[in-house]
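# Architecture at a glance
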Amino acid sequence: MDERPVSEAGGGSAVRPMLASDRAGFVARHELWGDTEHAAAAQLRRVVDELGIERVRVGFADQHGVVHGKTVTREALPDALRSGITVPSSLLLKDTAGRTVAPVFTADPGVGVAGFAGIGDAVLVPDPTTFRVLPWSRDTGWLLSDVYFPDGRPVPFCTRSVLRAELGRLADRGFELTVGVELEFHVFGAPGPDGVPVPLSAGGQLLHEEGLDRHDELARALHRGLTDLDLPVRSLELEFGPSQFEITLAARDARRAADDVVLARAAIRQLCRRAGLQATFMCRPAGSTSASTGWHLHQSLSDGTGRPALDPAGPHEILSPTGRHWLGGLLAHAAAGAVFCTPTVNGYKRYLPQSLAPDRVGWGIDNRGAMIRVCPARDSGGARLENRAGEPAANPYLYIAAQVVAGRDGLACATDPGEPLDAPYTAPAPALPRSLGEALDALGADPVFERAWGSEVVSWFSAIKRAEFDRYLAHVSDWEQHEYFGLF
């Protein structure tokens, strides 16, 4: 009798007889792959056999952009490709501390979507086009997945699927989005006696060649590791702050760019850990002192023929009407969209004047103080928009999808972005939210994301982030203790 693994309540597996309805496999029954995925799966199997891959990590990027999943053995891989693997559905209902924010052991957990009561199964369906061999563990493969319910319904809280659907709506309007990534991060040495990680560099010298040379071994390890993962690395840079580094990735289609960010962040952390170092994409960690890290998201549009859609027709214009309206949408929904580009409590400590991070809503022409830096078309490429408001901890699927929602609305409403800011830190422009709580309030007041994704998705994400913010407000910080304990 054929047998296959299935999930138990605790997320493990048991063995049950395979039913006749299972023989085609979950993927085939629900027609979840196209020709591209089937061809990639065949190539994956050949690579596994030729390289002697023993294990494959099958995971998905959760609501925070963090990968969760299981490592399947070589023997179990064929079934995982046919039928996916099951995980507890509560993984989609957790805040950043891993706490489930919904009452899942009730008949109705209150998330607006059936399938979460009792922590029932969700099914991770691997996308074989994402397969990689991990260069730091050569007998281990890696796969990203999309998330479904056992009856074949897509889980609406799968953020990778949210982006895919949003890009499909954009394609229906005749446009494709290309994204380039500048991702900053910190790398620290082992913690000192006080428990605070030790910076690798003192900071203060932006792009200092000899400063980066002092960390040549780290730069070489990151370059080799990321390149071996087929990530389109363009540069490795020493940033301004202590222990602050940056990687840039070549621009490509938005869905692949989002996958790149998920893989790059995980790879950098794991490569550094194997070198006895600690990398973090937290925006402003203790010890950073002078500089927060950001995620600058470059975006450009092309039409159905591949021609740039943001480029102006005349020599005295900066953007085409399409470009101006897309930019107008980004600005009009910047406050509500902040929760997607800056989803942590810590990230709002970055919105400071004169800091190379924005503190208000506006745009500028090649101005790095503005929230949106418009880079005019040049010989080397078409016009593009650089959103400088994001933090490197953002979920890439939601960050990019939120840009598409705002931009599409700008196109639909012919939104005027106004005039560029020459002095973005003193201009009379609306302030960006000063806290995660303010950003959530702005999201609740702007219906554009509910119209695009449905009230269930926006309410789900808001509830998770609100629970996180409430825990922050209830926490007694070191600052409070130092400020008030002796005084009062």
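Here the structure is a predicted model, which is why all the values come from computation and not from measurement.

## With respect to the overall build of the protein
A tally of regular secondary structure across the protein gives 14 helices and 17 strands. By the compact-globule yardstick of 23 Å for 488 residues, the protein fits well, its C-alpha radius of gyration being 23 Å. Each of the 488 residues in the protein was classed as buried or not, and the buried ones make up 54%. Sequence separation of 24 or more characterises 71% of the internal contacts of the protein that already satisfy a separation of 6 or more. Split by element, the accessible area of the protein, about 21,700 Å² in all, is 52% carbon and sulfur. Side-chain charges of the protein comprise 48 positive and 61 negative groups, with the mean position of each set lying 2 Å from the other.

## Observations regarding the packing of helix 4 (residues 159-172) against helix 7 (residues 254-274)
Relative to each other, helix 4 and helix 7 sit at 160°, their axes nearing to 10 Å. Classed by the angle they form, the pair helix 4 and helix 7 counts as roughly antiparallel. With respect to the hand of their crossing, helix 4 and helix 7 are arranged in right-handed fashion. Contacts between helix 4 and helix 7 involve Arg160, Leu163, Arg164 and Leu167 from the former and Ala254, Arg255, Ala258 and Asp259 from the latter. Split into classes, the residues belonging to the contact of helix 4 with helix 7 amount to four nonpolar, no polar and four charged.

## Quick word on the environment of arginine 466
Inspection of the secondary structure assignment puts arginine 466 in helix 13 (residues 455-474). You can call arginine 466 partly exposed: its relative accessible area is 29%. For the pair arginine 466 and valine 111, spaced 355 residues apart in sequence, the C-alpha to C-alpha distance is 14 Å. Those residues in contact with arginine 466 that sit more than four places away from it in its chain are Gly437, Leu440 and Asp441.

## A look at the pattern of salt bridges
Applying the stated criterion to the full structure yields 25 salt bridges. One salt bridge in this structure joins aspartate 151 and arginine 153, with 2.8 Å as the shortest N-O distance. Residue arginine 153 is classed as partly exposed on the basis of its relative accessible area of 33%. Between aspartate 359 and arginine 360 there is a salt bridge; the shortest N-O distance is 3.0 Å. The exposure class assigned to arginine 360 is buried, which follows from its relative accessible area of 18%. Among the charged side chains, a salt-bridge network with shared partners connects Asp127, Asp146, Arg160, Arg164, Arg255 and Asp259.

What counts and what doesn't
- Residues numbered from 1 in each chain as written.
- Predicted model: local features only at pLDDT ≥ 70, side-chain atom pairs only at ≥ 80, totals over all residues.
- Heavy atoms only, no water.
- Helix = DSSP H or I, 4+ residues; strand = E, 2+ residues; numbered from the N terminus.
- Rg over C-alpha atoms; globule rule 2.2 N^0.38 Å.
- Buried < 20%, exposed > 50% of the residue type's maximum accessible area, 1.4 Å probe, protein only.
- Contact = heavy atoms within 4.5 Å.
- Areas by Shrake-Rupley, 256 points an atom, 1.4 Å probe, with all protein chains shown as cover.
- Lys, Arg positive; Asp, Glu negative; His and termini not counted.
- Charge placed at Lys NZ, Arg CZ, Asp CG, Glu CD.
- Axes fitted to C-alpha atoms, helices over the stretch in contact; angles between N-to-C directions.
- Parallel < 35°, antiparallel > 145°, perpendicular 65-115°, else oblique.
- Left-handed = near helix turned anticlockwise from the far one by under 90°.
- Nonpolar A, V, L, I, M, F, W, Y, C, P; charged D, E, K, R; others polar.
- Salt bridge = Lys/Arg side-chain N within 4 Å of Asp/Glu carboxyl O.

Any link to function would need more than the numbers given here.
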